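Chain by chain, the residues run as shown.
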Amino acid sequence: MKSMIAMIAAISMMLLAGCQSTQPSQQIQQETNECMHYRAMMTAPMAPDAMQRLKVECEQSREHEVIKQA
C-alpha cells in the first residue's frame, strides 16, 4: 500500500514538474487581415504584379502593427 502511494506521489510530482517546465519563448505574431488575405491568395492564379501588391500590403500592415504596439 505504501509503495502504491509513493508511486502515485512520484507520478503526480513528475506530471506537475512537466507542466511547470519553461517552454521556449516564441513571440506570437498577430496575423493582420492583409497578411491572411495574401496567404489565402498565394495559390490562386493571379498576375505577378497583383501578387506583389498583396505581399507589399501585408508587409506594410505588419509595420503598422509594430508601431501600434510600441
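The rules we used
- Residues numbered from 1 in each chain as written.
- Predicted model: local features only at pLDDT ≥ 70, side-chain atom pairs only at ≥ 80, totals over all residues.
- Heavy atoms only, no water.
- Disulfide = S-S within 2.5 Å.
- Helix = DSSP H or I, 4+ residues; strand = E, 2+ residues; numbered from the N terminus.
- Polar contact = N/O pair within 3.5 Å; in protein donor to acceptor, adjacent residues only side chain to side chain.
- Core = buried A, V, L, I, M, F, W, Y, C linked by side-chain atoms within 4.5 Å.
- Buried < 20%, exposed > 50% of the residue type's maximum accessible area, 1.4 Å probe, protein only.
- Contact = heavy atoms within 4.5 Å.
- Salt bridge = Lys/Arg side-chain N within 4 Å of Asp/Glu carboxyl O.

So what exactly am I meant to see when it comes to the state of the cysteines here?
Joining two cysteines, a disulfide is a covalent bond between their sulfur atoms. The tally for this structure, following the rule as stated, stands at one disulfide. A sulfur-sulfur separation of 2.0 Å characterises the disulfide bridge that pairs C35 with C58. The disulfide joining C35 to C58 has a torsion of about 95° about its S-S bond and is therefore right-handed. Residue C35 is located in helix α2 (residues 33-41), and its partner C58 is located in helix α3 (residues 48-69); the two are separated by 23 residues in the primary sequence.

Honestly, the side chain of S61 in this entry has me stumped. Any pointers?
As for its position among the elements, S61 is in helix α3. Of the polar contacts made by the side chain of S61, one reaches the side chain of T32; its length is 2.7 Å.

Where do I start with the nonpolar core in this structure?
Most often, soluble globular proteins have nonpolar side chains that are buried together. Counting residues in each nonpolar core, the largest one holds five residues, listed as C35, Y38, M51, L54 and C58. At the level of secondary structure, the elements contributing two or more residues to this core comprise α2 and α3. The element that contributes the greatest number of residues to this core is α3, accounting for three residues. Once you skip the residues sitting within four places of it in the chain, M51 turns out to touch Y38, M41, M42, A44 and M46.

Looking at this structure, I do not really get the pattern of salt bridges. What am I missing?
Pairs can form between side chains of opposite charge once their charged atoms are near each other. Counted by the stated rule, this structure contains one salt bridge. Residues E31 and R39 are paired through a salt bridge, measuring 3.5 Å at the closest nitrogen-oxygen approach. Judged by its relative accessible area of 35%, E31 is partly exposed.

None of the figures reported here should be taken as evidence of function without further support.
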